[in-house]
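Structure assessment
What follows is each chain in one-letter form.
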Amino acid sequence: MWPGTVREITATGSRLRILIGSPQAPDLVAEITPQAAAELGLADGTSVWTSVKATEAVIVTL
């Protein structure tokens, strides 16, 4: 787990794409439902703790 900050939230269909930045790790993009974002209180600038569940990760080449 590492700390991060929500840098951007973008709607993509029925999901939200959350960009999280951290000085301790590469940027992370998570896709979640609007309901999950509301329950977590996510907004631009929100401080969060992040982690990656290996069985749920998808690597995308840039």
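Note: the structure precedes this text.
Residues numbered from 1 in each chain as written. Predicted model: local features only at pLDDT ≥ 70, side-chain atom pairs only at ≥ 80, totals over all residues. Heavy atoms only, no water.

1. Considerations on the overall build of the protein chain
When helices and strands are tallied, the protein chain shows one helix and four strands. In sequence order, the secondary structure elements of the protein chain are arranged as β-β-β-α-β. Its C-alpha radius of gyration of 11 Å places the protein chain within 12% of the 11 Å reference for a compact globule of 62 residues. Across its three principal axes, the protein chain shows a C-alpha extent of roughly 25 × 25 × 20 Å. Within the protein chain, buried positions represent 24% of all 62 residues. Counting contacts in the protein chain only where the partners sit at least 6 residues apart, residues at least 24 apart contribute 38% of the total. If you sum the accessible surface of the protein chain, you get close to 4,700 Å²; carbon and sulfur atoms cover 57% of it. (Helix = DSSP H or I, 4+ residues; strand = E, 2+ residues; numbered from the N terminus. Rg over C-alpha atoms; globule rule 2.2 N^0.38 Å. Buried < 20%, exposed > 50% of the residue type's maximum accessible area, 1.4 Å probe, protein only. Contact = heavy atoms within 4.5 Å. Areas by Shrake-Rupley, 256 points an atom, 1.4 Å probe, with all protein chains shown as cover.)

2. Here we look at the nonpolar core
Among soluble globular proteins, nonpolar side chains are generally buried collectively. Formed by Val6, Leu16, Ile18, Ile20, Ile32, Ala37, Leu42 and Val48, the largest nonpolar core amounts to eight residues. For this core, the element with the most residues is strand 2 (residues 15-22), which contributes three residues. Setting aside residues no more than four positions away along its own chain, valine 48 makes contact with Trp2, Pro3, Gly4, Thr5, Val6, Ile20 and Leu42. (Core = buried A, V, L, I, M, F, W, Y, C linked by side-chain atoms within 4.5 Å.)

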